[in-house]
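# Working through the structure, step by step
Chain by chain, the residues:
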Amino acid sequence: MANLLTYEVHDDVAVVTIDSPPVNALGFDVRQSIIKGFEKAAADADVQAIILACKGRTFFAGADIREFGAAPKSPLLPEVIALIESSPKLTIAALHGTPLGGGLETALACHYRVATADTRVGLPEVKLGLLPGAGGTQKLPRLVGIPAALEIITSGRQIKSAEALELGLVDKLCSGDDLIKDSIDFAKSLIAQDAPRLLVCERNEKTAEHKGKSDIYDAFREKNARRFRGFKSVENIIKSIQLSADLPYDQGLKRERELFTELQQSRDAAAQQYVFFSERETSKIPDIPKTTAVRTIDSVGIIGAGTMGGGIAMNFLNANIPVTLLEQKQDALEHGISVIKKNYQRSVNSGRMTEQALEARMALITPSLDYTDLSSVDLIIEAVFETMEIKKDVFRKIDAIAKPGCILASNTSYLDLNEIAEATKRPQDVIGLHFFSPANVMNLLEVVRGDKSDKDVINTGMRLAKTIGKTPVLSRVGWGFIANRVMKVRGYQTDNLILQGVNPEIIDKVIYDYGFAMGPIAMKDLVGLDVLGRDSTERTVESVLVSMDRLGQKKNGGYYDYDQNRQRTLSPVAIEVIQQVAAEKGIEAVAADEDEILARLLYPVINEGAKVLDEGIALRSCDIDIACIKGYNWPVYKGGPMFWANTIGLEKVLTKLREFEQRFGEAFTPSPYLVRLVEEGKEF
Ligand code: CAA
């Protein structure tokens, strides 16, 4: 075992320091090292207090998630925690970085906690489909009370030091930049005062008022029903927190473990843990190591102040990067800027932003009607109309004015980036930065790698995503790149099912029940039928509805009619139009139960994903999963289409696709890549 432990004694205070990069996750070796350190201190007669600390960027950032699949190896975290709690000597956790999950639980086993000013603590297990299984749900409520514990543990949010101090999660903030020295001084003052050994598990003054009552939990469930839908871990967390008020600590702890184990064995937790690692994996590009050069981006030019351009601009303003916003006409420019301001104003009105922050962000915008105003920026993003000729024209113009080394990016969703790049004399500086609508909200950024894009340009795009709070996924050039391409096939199948007489409400229900926030048909109505059918000359259900001035939620309803509260009912007009168009196309009705509807809608997405992998458009299946989760809100507890396919079994998916191919044609023809995987007994 590598030596992860440093043991030092300063007069009567022992400092047990663990060093296990990158984040001191509480794996087997770390757990053993903590025990070794505490045993040493226990045996040291001169020692009266023990400080538990970590080297590197953080105090223990939680259990080692990589160990979750393997058989548990003693000493388990609860054993380590029990040992710390039974210490007859004073114990103090010295916190820095991000003591999260099991890390915070370990800190809560100590009698006192000291933290640096920039420490952030939290119990983020909910994000991994789990609950804090080493006493967190029993201890946190005892310190902060039931309402705060419910909010903190079900959100998994990180709490800054100042708030942690206020809540009583930490006892002292470090005054300078020497955490260990401050912790030693604190320990000595505690010894001098003969301070009590405060064990969180022995306290219950904050939980007593809720003992035996269930109303607070029911109200919390009801208030957050939409947000919590589908997340099994949340229900177990709420149950477990309730036990902290209702049961003595030891019994609550035992039940917490059972509720934790139930979750740990679930497919949802496996999916969420896969997503955790995949989110990090997508930043890794095999031929572009992290050491690759990065271009400095201190200013950005955005061409087009429409919905997309405005949304993109907000990302940079939020990151304090000045934006020159270019439009062709003054009124379009003014309108674009007013929409940005309105969006920020909404945040101010709801208390999520201050008026000063709004002003500061708006002050970072330079409006412009003149391309030469972009001549000094570090990055130019084009967000104009999705037509090749217009895009090429814009790129010619920016090629003429952009400074050497400026990155030229297109926000194209479907067009050939290589062709756009060839409109310039510097295709090596061109990349795609594909944002998802609404661009200021959705977390995905597809970074599109042109055939000639320089490696440092790609690397800069990937890093930039992080700067503006997005998850980057690298895509090669191909129609629709990754997310739009694979999700588009769900749209085609939705239209087919509708024309085959399947009730649109049932289609929406199936997708909603799977875990999406909204079904595809309700989504069409929300986006606007006129927007969706813009490029089509074919007579479709949507084109007929639009010709009747039924544009969706925004005007006269679409597939659905809407009352004044936006409650929807399927429209008899739409049903008639569907029947009419189906008759014109000679499409016959087909019966399909809910399982079949789901398979017909989502197995083609898996199949398209397989094609995307086969063509080398996406690097790995996890890139497709993250693109769908971040770009289309694919339910995170399903792990994305490719992970989900593995959980179903690829052979089953293939068999179903072949059956659909027989019945409905080549839209379901399995990708040769999928066939190969099944033949070789492999997974995505
Ligand atoms: N276990 C294993 N590996 C972990 C880890 C963990 N708990 N946390 C982070 N890592 C790894 C990451 O995968 C990454 O590895 P690579 O460099 O190989 O990709 C590396 O550590 C650095 O992580 P980040 O890139 O995320 O670094 P960051 O500085 O941006 O963020 C962090 C650091 C805030 C700690 C973030 O990694 C994080 O949120 N980690 C998860 C924390 C967590 O969920 N803890 C609870 C675990 S569950 C638990 O503790 C259950 C229980 O009660 C028993």
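As the structure is a computational prediction, the values presented were derived from the model and not from experiment.

About the cut-offs
- Residues numbered from 1 in each chain as written.
- Predicted model: local features only at pLDDT ≥ 70, side-chain atom pairs only at ≥ 80, totals over all residues.
- Heavy atoms only, no water.
- Helix = DSSP H or I, 4+ residues; strand = E, 2+ residues; numbered from the N terminus.
- Expected span 1.5 Å × (residues − 1).
- Buried < 20%, exposed > 50% of the residue type's maximum accessible area, 1.4 Å probe, protein only.
- Contact = heavy atoms within 4.5 Å.
- Core = buried A, V, L, I, M, F, W, Y, C linked by side-chain atoms within 4.5 Å.
- Patch = residues over 30% accessible without salt bridge, like charges linked within 9 Å, V, L, I, M, F, W, Y side chains within 5 Å.
- Areas by Shrake-Rupley, 256 points an atom, 1.4 Å probe, with all protein chains shown as cover.
- Salt bridge = Lys/Arg side-chain N within 4 Å of Asp/Glu carboxyl O.
- Pairing = 2+ DSSP bridges.
- Right-handed = clockwise from strand over helix to strand, strands pointing away.
- Domains from an automatic or database assignment.

Bringing helix 18 (residues 455-467) into the picture now. With 13 residues, helix 18 should reach 18 Å at 1.5 Å per residue; the first-to-last C-alpha distance of 18 Å fits that figure. Those residues of helix 18 not exposed but buried are Asp456, Val457, Ile458, Asn459, Thr460, Gly461, Met462, Leu464 and Ala465. If you follow the buried residues of helix 18, they end up packed against helix 13 (307-318), strand 12 (379-382), strand 13 (407-410), strand 14 (430-435), strand 15 (444-449) and strand 16 (471-476). A positive backbone phi angle near 75 degrees is found at glycine 469, which sits one or two residues after helix 18.

What follows covers the nonpolar core. Of all hydrophobic cores here, the largest spans 66 residues; its most connected members are Tyr559, Leu602, Ile624, Trp634 and Phe684. No other element matches helix 25 (residues 594-614), which puts eleven residues into this core. For leucine 602, the residues in contact, after removing those within four places along its chain, are Arg490, Ile511, Tyr514, Trp634 and Trp644.

The next subject is a nonpolar patch on the surface. A surface patch of nonpolar side chains, about 370 Å² in accessible area, is lined by Met523, Leu526, Val527, Val531 and Leu532. Of all elements in the fold, only helix 21 (520-527) and helix 22 (529-532) reach the threshold of two or more residues within the nonpolar patch.

Looking now at the pairing of strand 4 (residues 90-95). When you tally the buried positions in strand 4, you get six out of six residues, the bulk of the element. Burial along strand 4 is two-sided: the face carrying Leu90, Ile92 and Ala94 and the face carrying Thr91, Ala93 and Leu95 are both buried. By the bridge criterion, four bridges tie strand 3 (residues 49-54) to strand 4 in an arrangement that is parallel. Bridge assignment links isoleucine 51 to a residue of strand 4, and that residue is isoleucine 92. With respect to chirality, the unit in which strand 3 leads through helix 2 (residues 77-85) into the neighbouring parallel strand 4 is right-handed.

Attention now moves to the domain arrangement of the protein chain. According to the domain assignment, the protein chain contains domain 1 (5-253), domain 2 (266-286 + 483-502 + 590-616 + 619-684), domain 3 (300-478) and domain 4 (503-585). Once you take the C-alpha centre of each, domain 1 and domain 3 turn out to be 43 Å apart.

Here we come to the pairing of strand 2 (residues 13-18). With respect to burial, strand 2 is a largely interior element, six of its six residues being buried. Here strand 2 shows a buried face lined by Val13, Val15 and Thr17 and a second buried face lined by Ala14, Val16 and Ile18. As judged from the six bridges shared by strand 1 (residues 5-10) and strand 2, these two strands associate in the antiparallel manner. When the bridges of strand 2 are listed, histidine 10 appears paired with valine 13. Here strand 1 hands over to strand 2 after two residues, with aspartate 11 in that stretch at a positive phi of 55 degrees. With six bridges joining them, strand 2 and strand 3 adopt parallel strand pairing. Along strand 3, the bridge assignment pairs valine 13 with alanine 49. In this view, the connection linking strand 2 to its parallel neighbour strand 3 by way of helix 1 (residues 28-43) has right-handed handedness.

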